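As a plain string of letters, each chain reads:
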Amino acid sequence: MTFHSSAAFWLILPLVLLLVWTMWRKKKKTPTLQFGSIEVLKSVTPSVRTRLMHLPLLMKALAIVFAIIALARPQEMNTKIKKNVEGIDIVICLDISDSMLIEDMKPLNRLEAAKETIKRFIEGRSSDRIGLVIFAGESFTLVPPTLDYQLILQRVAEITTAQQARIKDGTALGVALANAAGRLKDSQAKSRVVIFMTDGENNSGTIDPETGLEIAKGYGIKIYSIGIGKDGPTKIPIYTRDIFGQKVKTYQPFDSTVNEDLLARMAKDTGGKYYRASKEDSLVGIFKDIDSLEKTKIDINKFTNYTEKFPPYLVMAIILYLAALILGRSWLRRVP
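Residues numbered from 1 in each chain as written. Predicted model: local features only at pLDDT ≥ 70, side-chain atom pairs only at ≥ 80, totals over all residues. Heavy atoms only, no water.

Side note on the overall build of the chain
- Tallying secondary structure elements over the chain gives 12 helices and 11 strands in all.
- With an accessible surface of roughly 19800 Å², the chain has 57% of that area assigned to carbon and sulfur atoms. (Helix = DSSP H or I, 4+ residues; strand = E, 2+ residues; numbered from the N terminus. Areas by Shrake-Rupley, 256 points an atom, 1.4 Å probe, with all protein chains shown as cover.)

Topic: the nonpolar core
- Counting 37 residues, the largest nonpolar core has Ile92, Leu94, Ile122, Ile195, Met197, Ile226 and Leu283 as the members making the most contacts within it.
- Discounting chain neighbours no more than four positions away, the residues touching Met197 are Ile92, Cys93, Leu94, Asp95, Ala114, Ile118, Phe135, Ile226, Ile228, Leu283 and Phe287.
- The next biggest cluster of nonpolar side chains, apart from the first, holds 20 residues, and it includes Val91, Val133, Ile223 and Val258. (Core = buried A, V, L, I, M, F, W, Y, C linked by side-chain atoms within 4.5 Å. Buried < 20%, exposed > 50% of the residue type's maximum accessible area, 1.4 Å probe, protein only. Contact = heavy atoms within 4.5 Å.)

Regarding the packing of helix H9 (residues 209-218) against helix H10 (residues 260-270)
- In contact at an axis separation of 10 Å, H9 and H10 are set at 20 degrees when each is read in the N-to-C sense. What the angle tells us is that H9 and H10 run roughly parallel. The interaxial crossing formed by H9 with H10 has right-handed handedness. Here H9 contributes Pro209, Glu210, Leu213 and Lys217 to the contact with H10, which in turn contributes Leu262, Arg265, Met266, Asp269 and Thr270.
- For the contact of H9 with H10, the per-class residue count stands at 4 nonpolar, 1 polar and 4 charged. (Axes fitted to C-alpha atoms, helices over the stretch in contact; angles between N-to-C directions. Parallel < 35°, antiparallel > 145°, perpendicular 65-115°, else oblique. Left-handed = near helix turned anticlockwise from the far one by under 90°. Nonpolar A, V, L, I, M, F, W, Y, C, P; charged D, E, K, R; others polar.)

Considerations on the environment of Ser5
- Its location among the elements puts Ser5 in the loop between strand S1 (2-3) and helix H1 (12-28).
- Taking the relative accessible area as the measure of exposure, Ser5 reaches 27% and is therefore partly exposed.
- Put simply, Ser5 and Arg73 are 68 residues apart on the chain and 6.1 Å apart in space, counted from C-alpha to C-alpha.

Describing the sheet that holds strand S3 (residues 88-95)
- As summarised here, the arrangement of the 6 strands in space is S5-S4-S3-S6-S7-S10, forming an open sheet in which the pairing is mixed. This sheet does not close on itself; its edge strands, each paired only once, are strand S5 (139-146) and strand S10 (273-277). Each strand axis lies, on average, 15 degrees off the axis of its neighbour in the sheet, ignoring direction.
- Packed on one face of the sheet, helix H5 (residues 110-124) meets S3, strand S4 (129-135), strand S6 (191-198) and strand S7 (222-228) and runs near 170 degrees to S3. (Pairing = 2+ DSSP bridges.)

Digging into a nonpolar patch on the surface
- Together, Trp10, Leu13 and Leu17 give the surface a local cluster of nonpolar side chains, amounting to about 400 Å² of exposed area.
- Relative to the helices and strands, Leu13 is located in helix H1. (Patch = residues over 30% accessible without salt bridge, like charges linked within 9 Å, V, L, I, M, F, W, Y side chains within 5 Å. Salt bridge = Lys/Arg side-chain N within 4 Å of Asp/Glu carboxyl O.)

So, the pattern of salt bridges
- Within this structure, the stated rule accounts for 16 salt bridges.
- Here Glu103 ties to Lys249 by a salt bridge, and the two come within 3.0 Å at their closest N and O atoms. Placement of the pair is Glu103 in the loop between S3 and H5 and Lys249 in strand S9 (residues 247-256), with a sequence separation of 146 residues.
- Since its relative accessible area comes to 36%, Glu103 is described here as partly exposed.
- What makes Lys249 partly exposed here is its relative accessible area of 37%.
- The salt bridge partner of Asp104 is Arg110, with a shortest N-O separation of 2.9 Å.
- Classification of Asp104 by relative accessible area gives partly exposed; the value is 23%.
- The exposure class assigned to Arg110 is buried, which follows from its relative accessible area of 0%.
- Through salt bridges with shared partners, a single network forms among Asp104, Arg110 and Asp199.

Examining the packing of aromatic side chains
- Scanning the model with the defined rule gives 3 aromatic pairs in all.
- Arranged with centres 5.3 Å apart and planes meeting at 70 degrees, the rings of Phe121 and Phe287 form a pair that is edge-to-face. Placement of the pair is Phe121 in helix H5 and Phe287 in helix H11 (residues 280-293), with a sequence separation of 166 residues. (Phe/Tyr/Trp six-rings, centres within 6.5 Å; stacked < 30°, edge-to-face > 60°.)

Digging into H5
- The first and last C-alpha atoms of H5 sit 21 Å apart over 15 residues, in line with the 21 Å expected at 1.5 Å per residue.
- Along H5, the residues classified as buried are Arg110, Leu111, Ala113, Ala114, Lys115, Thr117, Ile118, Phe121 and Ile122.
- Sitting at the amino-terminal end of H5 is Asn109, which places a side-chain oxygen 3.2 Å from the backbone nitrogen of Leu111. (Expected span 1.5 Å × (residues − 1). Polar contact = N/O pair within 3.5 Å; in protein donor to acceptor, adjacent residues only side chain to side chain.)

A short note on the packing of helix H8 (residues 173-182) against H9
- Running from N to C, H8 and H9 cross one another at 15 degrees; their axes reach a closest spacing of 7 Å. By the criterion of interaxial angle, the relationship of H8 to H9 is roughly parallel. For the element pair H8 and H9, the recorded crossing hand is left-handed. The residues of H9 that touch H8, namely those facing Leu173, Gly174, Leu177, Ala178 and Ala181, are Pro209, Gly212, Leu213, Ile215 and Ala216.
- A breakdown of the residues in the contact of H8 with H9 according to their chemical character gives 8 nonpolar, 2 polar and no charged.

Okay, structure coming up:
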């Protein structure tokens, strides 16, 4: 409930002052009959008519109050909001080769850092379809583009490396890019994006990276490529089991290299952007940057319908005022 002309309520103030002045004036009025003593009158019980003598005046005042409320035009406001959401279709393509176990990023290794950052990114979106593709020496679609964020988060939590998942190891960049692009080829979204995350160079797969890039360009897909980890000699954890069946972790020398030229060209040729993440907090910053660049467009149309509610107050004012006139000129009429 709202009032179109709330300033009308200021009229109640002079009404109150007039009512107080009228009551005071009647009390001060010189009586028609004067008595030497009123002791005898104290024993007389006032009649109902006498007790209600001021009722017409109060009814008129209340009628004026209702009239003022009607004048303020009470309205019932009904607002409808229509949102036109223009979402984005996103496929996150994540390298799960064994080199992602290298422990040079917090909280544990490259893979866990990537999973934690992806989780935060997904939790920050609201109207975009998101899919998930993983790859090593071969590529798999874990989740096609969907709005079921709980499902995506569940699958992200289950991701392991190629060694642990017992799939072909390696880095098939071309196959992974072609797979991610294929998940977006039928998308009707105006903006289609692949977030491509890897820590290595192409060394396997039946599709070369150049062909995968041409496929993405053909579908009008924008690529944000991310090179993960530091280049140079490092150690990669290897998990085996001893004679008692217990899990044992050993380290094997490894030369980590990211093909920055290829990743940069993938981004440039599709209108995206290339990033290098050498530590966990830089990876978080990269996803924040992508989040700000790829915002969902939301047009909000607000419609408000007002329904006038003053008629009942106006009718009540008229009824009270007429009733006050009738009572004042009949049953409660003053007799000299």
